[in-house]
Amino acid sequence: SFALLHVAVQGTVSLQCSNVRRGFHRAALLRLASDSKSDTSVPPPSYHEVHTAGESSSSSAQGESSEDAQPNTSFQDQSGEHGEDYETEEQLQARILTAALEFVPQHGWTVEAIAAAAETLGLSSASTGMFNNGAGDLVLHFVAQCNAQLAETLAEQNNQVQLGQAEAKKTAEFLKDAVETRLRMLIPYIDTWPQAMSILLLPHNIPDSLKHLSTMVDDIWYYAGDRSTDVNWYTRRAALTGIYNTTELVMVQDSSPDFEETWAFLDNRIKDVVNMANTAKQVQATGEAVVQGLMGAAITLKNLTGMNQRR
Amino acid sequence: MQRAAKCALRLDLSRAFCLEVNVNVCMLKSLPPPRDEEEKAMLDSMLRVDHAGEYGANRIYAGQMAVLGRTRTGPLIQYMWDQEKMHLEKFNEILGEHRVRPTLLLPLWNIAGFALGMILTRIEGTMSCTVAVEESISEHYNSQIQTLMEAEPERYTELLQVMLLKNFVMMKKKNRDTGLEHDAESVPGYLLLKTVIQVDCKAAIYILQRI
């Protein structure tokens with residue numbers, strides 16, 4: 001019957017997209033409420049039930065707040081009693097995805113990992129229908145989680161520096177440490193990371209992955225002390241994005257112990273950028289000095305030839 | 001000579017008003033942290049445009065100084081330029097504190113502002129350009145004030161104060177300039193120039209809010 005359910009899922013999904021998924025979602029949510037109430041295993045929803053749920057939600061295609069018809073009335077009392085424990089959709093999704101990370105080494109960044117996690121949480125594996133983007137949702141959730149962790153770490157370090165408990169690092173060292181901290185979060189999943197990277201490059205995932213990347217780079221520079229409000233704002237972030245992406249690529253095919261080669265590569269890239277910034281400053285200063293010198297020479301010439309005299 | 005006298009009067013009044021605005025801009029301690037994405041986006045674009053405006057004003061004065069630096073009005077323009085520099089510094093601080101992205105067009109604005117400043121010194125005699133520019137900017141501030149008031153006036157009291165004061169200053173200037181504007185209207189092509197400038201200002205504001 002689970003196979004039948006699986007086929008039913010595939011069939012309906014191919015016909016109607018998000019409306020059916022919303023129906024599944026509500027069914028899954030209410031199953032969670034009812035599951036934790038009853039010890040006996042609840043029979044999986046039959047094809048008819050699933051289809052009805054799909055139809056009732058597709059008939060009211062307005063939005064999230066649309067009310068379903070008959071299948072849910074019997075569940076409403078139970079979910080009502082669960083008032084305080086009822087979590088939002090986002091919280092539930094986050095919980096499932098976090099649990100799914102454990103299954104990634106085994107199943108890869110796929111819907112199977114999500115399904116396995118849903119089962120360990122006591123949900124039916126059909127609750128993967130909640131995730132419109134499938135594996136993309138899992139990867140993006142992981143990236144967001146890592147970035148949040150990084151921001152927390154940087155804020156904590158910043159706090160310590162403000163309180164005088166720690167010394168402020170120089171920019172190059174700070175950047176190196178921040179990028180290394182962030183990349184080390186990939187180590188448990190490094191074998192399957194190429195798959196995750198290719199998922200992030202899918203066209204419908206690119207806006208989100210770019211947003212995460214730019215937020216992370218902005219965070220790192222903010223805590224490194226960058227408060228520039230001119231073109232430097234853009235050049236610095238572009239440089240760090242380049243460093244991060246190339247180091248990530250190197251890390252994925254690095255086989256040295258504890259990724260020593262990766263950190264050496266990172267060190268060199270950061271040195272390059274810092275050198276370039278210094279060179280640019282020097283060029284500008286030299287240029288200004290040269291211009292001043294030329295103007296001085298011109299005025300001297302004018303004086304010599306008597307052109308500066310007033311008549 | 002009468003026109004020169006009027007110029008001097010206008011510049012004196014500008015100096016007095018600039019000081020007022022300056023005091024309030026420096027008193028702008030900080031804005032409340034944004035509550036959600038929408039509010040952050042709105043504040044972001046407002047601060048970005050205002051910062052670009054200050055930066056542009058800075059460059060315009062630089063351009064004017066490059067041409068008129070050694071004339072009689074030089075010191076006055078230098079004084080007003082210094083006031084604008086203080087505004088710009090304050091806005092730089094605000095941008096850094098609230099992690100607002102500066103506009104990508106700053107280098108372009110740099111050159112354009114300087115060139116505009118130099119051009120303005122040619123046409124400044126009739127005050128027509130400045131009046132047109134200030135009308136556009138006044139309208140822009142008005143719409144920003146409206147947005148903030150519609151959202152929640154209490155949260156943005158300080159920012160509103162600064163904007164209202166700047167607006168007030170510009171409107172006062174405009175009232176006093178009405179007399180001078182009559183002079184300007186005698187210049188052929190004045191209306192065309194005014195329309196062109198106002199359309200340019202609107203386009204610039206639109207672009208700067210987004211990029």
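Residues numbered from 1 in each chain as written. Chains lettered and ligands numbered in written order. Predicted model: local features only at pLDDT ≥ 70, side-chain atom pairs only at ≥ 80, totals over all residues. Heavy atoms only, no water.

A. Here's a closer look at the side chain of E84 of chain B. Tracing the backbone through its elements, the reader meets E84 of chain B in helix α3 (residues 74-98). Apart from the residues within four sequence positions on either side, E84 of chain B is in contact with E54, A57, N58 and Y61 of chain B. (Helix = DSSP H or I, 4+ residues; strand = E, 2+ residues; numbered from the N terminus. Contact = heavy atoms within 4.5 Å.)

B. Examining the environment of W263 of chain A more closely. Residue and element names in this part refer to chain A. Relative to the elements of secondary structure, W263 occurs in helix α13 (residues 260-304). The class of W263 is buried, set by a relative accessible area of 8%. When the C-alpha positions of W263 and K176 are compared, they lie 8.4 Å apart, and in sequence the two are 87 residues distant. (Buried < 20%, exposed > 50% of the residue type's maximum accessible area, 1.4 Å probe, protein only.)

C. Region of interest: the packing of aromatic side chains. Residue and element names in this part refer to chain A. Counted under the stated rule, the structure contains 7 aromatic pairs over all chains. On the basis of an interplanar angle of 75 degrees and a centroid distance of 5.8 Å, the ring pair of W109 and W193 is categorised as edge-to-face. Taken as a pair, W109 in the loop between α6 (104-107) and α7 (111-120) and W193 in helix α10 (residues 193-200) lie far apart in primary sequence, 84 residues in all. Note on accessibility: W109 and W193 belong to one class, buried. Judged by centre distance (4.9 Å) and plane angle (65 degrees), the rings of W233 and Y234 are edge-to-face. Summarising the burial analysis for this pair, W233 and Y234 share the class buried. (Phe/Tyr/Trp six-rings, centres within 6.5 Å; stacked < 30°, edge-to-face > 60°.)

D. Representation of the UniProt feature "binding site: Fe cation 1" (unreviewed entry) in chain B. Residue and element names in this part refer to chain B. Within this numbering scheme, the UniProt entry marks E54, E84 and H87 as carrying the feature "binding site: Fe cation 1" (unreviewed entry). Spatially, the listed residues are clustered: although they cover 34 residues, their C-alpha atoms lie within 6.9 Å of one another. Here E54 is to be found in helix α2 (residues 37-68). Classification of E54 by relative accessible area gives buried; the value is 3%. Apart from residues no more than four positions distant in its own chain, E54 is found in contact with E84, H87, L88, F91, Y141 and K166. Locating H87 in the fold gives a position in helix α3. Given a relative accessible area of 2%, H87 falls into the buried group. (UniProt positions renumbered as here; feature names shortened; annotations may be inferred.)

E. Looking closely at the UniProt feature "domain: Ubiquinone biosynthesis protein COQ9 HTH" (unreviewed entry) in chain A. In the numbering used here, UniProt assigns the "domain: Ubiquinone biosynthesis protein COQ9 HTH" (unreviewed entry) feature to residues 89-119 of chain A. The span residues 89-119 of chain A carries 81% helix and 0% strand; its end-to-end C-alpha distance comes to 17 Å.

F. Main features of the nonpolar core. W109, L138, F142, W193 and I220 of chain A are the most contacted members of the largest nonpolar core, which has 55 residues in total. Going through the elements one at a time, α5 (89-100), α7, α8 (135-162), α9 (171-184), α10, α11 (206-224), α12 (231-252) and α13 of chain A are the ones with two or more residues in this core. It is α8 of chain A that contributes the most residues to this core, 9 residues altogether. Those residues in contact with I220 of chain A that sit more than four places away from it in its chain are L150, L154, F174, L175, A178, V179 and L240 of chain A. If you look at the next biggest cluster of nonpolar residues, it comprises 9 residues, including M46, Y141, I145 and L159 of chain B. (Core = buried A, V, L, I, M, F, W, Y, C linked by side-chain atoms within 4.5 Å.)

G. The arrangement of the layout of surface pockets in detail. Empty space within the second largest pocket amounts to approximately 1000 Å³. T215 and D218 of chain A together with K40, D44 and R99 of chain B are, among the 32 residues lining the second largest pocket, the residues nearest its centre. For the lining of the second largest pocket, the secondary structure elements donating two or more residues are α11 and α12 of chain A together with α2 and α3 of chain B. Looking at the lining of the second largest pocket, the element that brings in the most residues is α11 of chain A, giving 10 residues. Partitioning the lining of the second largest pocket into residue classes produces 14 nonpolar, 7 polar and 11 charged. (1 Å grid on protein atoms, 1.4 Å probe; cavity = no way out; pocket = protein on both sides within 12 Å on 5 of 7 lines; lining within 4 Å. Points joined across faces, edges and corners; volume = space filled by probe spheres on them. Nonpolar A, V, L, I, M, F, W, Y, C, P; charged D, E, K, R; others polar.)

H. Fine view of the pattern of salt bridges. Inspection of every chain in the model, using the stated rule, returns 14 salt bridges over all chains. One salt bridge connects K176 of chain A with E180 of chain A, and the closest N-O pair in it is separated by 3.3 Å. With K176 of chain A and E180 of chain A both in helix α9 and 4 residues apart, the pair spans about one turn of that helix. The closest approach of N and O atoms between K90 of chain B and E93 of chain B, which form a salt bridge, is 3.8 Å. (Salt bridge = Lys/Arg side-chain N within 4 Å of Asp/Glu carboxyl O.)

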